[in-house]
Structures are given as C-alpha cells and as structure tokens.
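Next come the chains, spelled out residue by residue.
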Amino acid sequence: METIIVSEDNLINALCVYHARQINVMPENVEIELCFDDNEGFSAEAYYNGRKDIYQVANMLAAIRIFLQEEMNVDPYAASIHLEIDDEQGMIAIVE
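Bear in mind the structure is a predicted one, so any value in this text is a computation, not a measurement.

**Remarks on the overall build of the protein**
Argument step 1. For the protein, the helix and strand inventory stands at two helices and six strands.
Argument step 2. Relative to the compact-globule value of 12 Å for 96 residues, the protein shows a C-alpha radius of gyration of 13 Å, a close match.
Argument step 3. Oriented by its inertia axes, the alpha-carbon framework of the protein measures out at about 40 × 30 × 20 Å.
Argument step 4. Taking all 96 residues of the protein together, the buried fraction comes to 42%.
Argument step 5. In the structure as shown, the protein presents an accessible area of about 6,000 Å², 41% of it carried by carbon and sulfur atoms.
Argument step 6. Charge centroids of the protein, computed over 4 positive and 19 negative side chains, lie 12 Å from each other.

**Quick notes on the packing of helix α1 (residues 8–23) against helix α2 (residues 57–71)**
Argument step 1. With their axes 9 Å apart at the nearest point, α1 and α2 run at an angle of 100 degrees to one another. Classified by the interaxial angle, the pair formed by α1 and α2 is roughly perpendicular. Here α1 contributes N10, L11, A14, L15, Y18 and R21 to the contact with α2, which in turn contributes N59, M60, A62, A63, I64, I66, F67 and E70.
Argument step 2. Residue composition of the contact of α1 with α2, grouped by class: ten nonpolar, two polar and two charged.

**Some words on the side chain of E45**
Argument step 1. With respect to the secondary-structure elements, E45 resides in strand β3 (residues 41–48).
Argument step 2. For E45, a relative accessible area of 15% puts it in the buried group.
Argument step 3. Only 2.5 Å separates the side chain of E45 from the side chain of Y47, close enough to count as a polar contact.
Argument step 4. Excluding anything up to four places from it in sequence, E45 contacts E31, I32, E33, C35, K52, D53 and I54.

**Here we look at the packing of aromatic side chains**
Argument step 1. A full pass over the atoms with the stated rule returns two aromatic pairs.
Argument step 2. Taking 5.5 Å as the distance between ring centres and 75 degrees as the angle between the ring planes, the aromatic pair formed by Y18 and Y55 counts as edge-to-face. Highlighted residues: Y18 in helix α1 and Y55 in strand β4 (residues 51–55), separated in sequence by 37 residues.
Argument step 3. We classify Y55 as buried; its relative accessible area is 9%.
Argument step 4. Both rings, one in F36 and one in F42, keep their centres 4.8 Å apart while their planes meet at 55 degrees; by these two values the pair is tilted.
Argument step 5. Residue F42 is classed as buried on the basis of its relative accessible area, which comes to 15%.

**Things to note about the sheet that holds β3**
Argument step 1. Within the open sheet, the three strands sit side by side as β2-β3-β4. Their pairing is antiparallel. In the strand order of this sheet, the two ends are held by β2 (31–37) and β4, each with one partner. Across this sheet, the average inter-strand angle for adjacent strands is 25 degrees, counted without regard to direction.
Argument step 2. Pairing geometry for β2 and β3, over seven bridges, is antiparallel. Across the sheet, residue E33 finds its bridge partner in β3, namely E45.
Argument step 3. Packed on one face of the sheet, α1 meets β2, β3 and β4 and runs near 120 degrees to β2.
Argument step 4. Packed onto the sheet, α2 meets β2, β3 and β4 and runs at close to 70 degrees relative to β3.

Thresholds applied
Residues numbered from 1 in each chain as written. Predicted model: local features only at pLDDT ≥ 70, side-chain atom pairs only at ≥ 80, totals over all residues. Heavy atoms only, no water. Helix = DSSP H or I, 4+ residues; strand = E, 2+ residues; numbered from the N terminus. Rg over C-alpha atoms; globule rule 2.2 N^0.38 Å. Buried < 20%, exposed > 50% of the residue type's maximum accessible area, 1.4 Å probe, protein only. Areas by Shrake-Rupley, 256 points an atom, 1.4 Å probe, with all protein chains shown as cover. Lys, Arg positive; Asp, Glu negative; His and termini not counted. Charge placed at Lys NZ, Arg CZ, Asp CG, Glu CD. Axes fitted to C-alpha atoms, helices over the stretch in contact; angles between N-to-C directions. Parallel < 35°, antiparallel > 145°, perpendicular 65-115°, else oblique. Contact = heavy atoms within 4.5 Å. Nonpolar A, V, L, I, M, F, W, Y, C, P; charged D, E, K, R; others polar. Polar contact = N/O pair within 3.5 Å; in protein donor to acceptor, adjacent residues only side chain to side chain. Phe/Tyr/Trp six-rings, centres within 6.5 Å; stacked < 30°, edge-to-face > 60°. Pairing = 2+ DSSP bridges.

Structure (structure tokens):
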C-alpha cells in the first residue's frame, strides 16, 4: 500500500461523521476541535448542542478507519495509522 496522508480537514470530517453516528445526529451539526498537548498527546473535542465529548487516540483512529473504508475504499485494517503535527498542514494522519 502506498502512503496516504489524511489532511486535517479530512480528520475533522471523519470525526464529525463518527461522533454524529455515536449520538444519532447529522454530521453537519457537529463541531470538532483537534487538540495536541505535550503531556496528553492527541485528542479531539466534539461539540453538539452545548455538550462536549472528548475523543482520545483510539477513537480518533476508529474514525479514520471508517473514513478510509467508506471514502477512500482502502482496507482500514491492513493499514498502519499514526497521527502527526505538520508545521504547514496541522494535524494529519499518515496511513501506510
């Protein structure tokens, strides 16, 4: 498999869809904020109707796997995924 870069925008979209499915709402009604902390690592905050949920790396990877399967037609379980911070692109996922 060739290396795929999942952009910050696509990470946000993947998490919107993931969170929307979890709480049974439309993805366009969900807001996502990607976070990185030197001590805590990667996370995402999902907002809907005044409620905030926090996703850690495991949930973020699950959302990316769904995105890979449904939007890119890639076998999500045959891929290694890791998150990175890029100076120009922001938070990205590297899929190998």
